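# Inside the fold
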Amino acid sequence: MNLQHENNTEELWKNFWVVTQEMEKFIDQNNIEMFLSLLDQRLKLQELIEQAEDKYSKTEEGKALIKKIMTVSEKIQISAQKWVNKSRQNQTRAKAYDGFGNNLLNKNFNREY
C-alpha cells in the first residue's frame, strides 16, 4: 500500500508537470482563457499532492522534476506579469479615449443649436 501512495504522488507530480508545460504554452499564445482553466487544474493537483503522503518529492527523480517545474513556473510568472501590465496599459488607453471628442462634439452641437 505504501508503494501505491508513492506511485500515486509520482503520477500526480508528473501530471502537475504536464499541466505546467501546457500553461506556459497557452500564456505565450495569449490564450488566457485556456491558461486559467489549466491553472485551476494545477491547483486541484496541488491540493491532492498536499493531501497525499508525498515521498516522491524527496527522491532524486522527484527533486529533479520539481526543479524543472520551478523553472517553468518562474517563466510563467514573468509572462503573466507582462500580460497583466499590457492589459492595464490597454485599459488606461481605452479610458483615455472614452471621453475624447465628446466635449468637442458637445461644444459644436451646442453652438449650432
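Residues numbered from 1 in each chain as written. Predicted model: local features only at pLDDT ≥ 70, side-chain atom pairs only at ≥ 80, totals over all residues. Heavy atoms only, no water.

### Topic: the overall build of the chain
Filter applied, for reference: Only DSSP runs of H or I with at least four residues qualify as helices, and only runs of E with at least two residues qualify as strands; both kinds are numbered from the N terminus onward. Each residue is assigned to one of three classes by its accessible area relative to the maximum for its type, calculated with a 1.4 Å probe on protein chains only: buried under 20%, partly exposed between the two thresholds, exposed over 50%. Any pair of residues with heavy atoms lying within 4.5 Å of one another is described as a contacting pair. Each accessible area is a Shrake-Rupley result for a 1.4 Å probe, and residues are judged covered by the shown protein chains and nothing else.
What the chain contains, in helices and strands, is 4 helices and 0 strands. Reading the chain from its N end, one meets helices and strands in the order α-α-α-α. Taken over 113 residues, the chain has a buried fraction of 24%. Summarising the internal contacts of the chain: among those between residues at least 6 apart in sequence, 76% fall at separations of at least 24. Carbon and sulfur atoms make up 52% of the accessible area of the chain, which totals about 8,700 Å².

### Some words on the side chain of Ser79
Stated precisely, the cut-off is as follows: Pairs of N or O atoms are called polar contacts if they sit within 3.5 Å, as long as, within protein, a hydrogen donor faces a hydrogen acceptor (for residues adjacent in sequence, only side-chain-to-side-chain pairs).
With respect to the element layout, Ser79 can be found in helix H3 (residues 60-98). Among the polar contacts listed, one links the side chain of Ser79 to the side chain of Asp28, at a separation of 3.4 Å. When near neighbours in sequence (up to four residues on either side) are disregarded, Ser79 contacts Ile27 and Asp28.

### Some remarks on the packing of aromatic side chains
Put simply, the test is: Aromatic rings from Phe, Tyr and Trp, with only the six-membered ring used for Trp, were paired whenever their centres fell within 6.5 Å, and each pair was classed as stacked if the ring planes differed by under 30 degrees, edge-to-face if by over 60, and tilted otherwise.
The final tally for this structure, using the stated rule, is 1 aromatic pair. Consider the rings of Trp13 and Phe16, whose centres lie 5.6 Å apart with planes at 70 degrees: the pair is edge-to-face. With Trp13 and Phe16 both in helix H1 (residues 2-28) and 3 residues apart, the pair spans about one turn of that helix. Owing to a relative accessible area of 13%, Trp13 belongs among the buried residues under this scheme.

### Thoughts on the environment of Met23
Mapped onto the elements, Met23 comes out in helix H1. Residues Met23 and Ile76, spaced 53 residues apart in sequence, show a C-alpha to C-alpha distance of 7.4 Å. Ignoring sequence-local partners within four residues, the contact set of Met23 consists of Phe35, Leu38, Leu39, Arg42 and Ile76.

### Structural notes on the nonpolar core
Soluble globular proteins tend to pack their nonpolar side chains together in the buried interior. Here is the rule: Nonpolar cores were defined as sets of buried Ala, Val, Leu, Ile, Met, Phe, Trp, Tyr and Cys residues, with membership established by side-chain atoms within 4.5 Å.
Judged by nonpolar contacts, the single largest core of 18 residues is most densely connected at Trp13, Phe16, Met23, Phe35, Leu65 and Ile69. The set of elements that each furnish at least two residues to this core consists of H1, helix H2 (32-51) and H3. Here this core takes 8 residues from H1, the largest share from any one element.

### Some details on the pattern of salt bridges
To keep it simple, the criterion reads: Criterion for a salt bridge: a side-chain nitrogen of Lys or Arg within 4 Å of a carboxyl oxygen of Asp or Glu.
Following the criterion strictly, the structure yields 4 salt bridges and no others. For Lys14, the salt bridge identified is with Glu10, shortest N-O distance 2.9 Å. Residue Lys14 and its partner Glu10 are both found in helix H1; the two are separated by 4 residues, about one turn of the helix. When salt bridges that share partners are traced, they join Glu10, Lys14 and Glu61 into one network.

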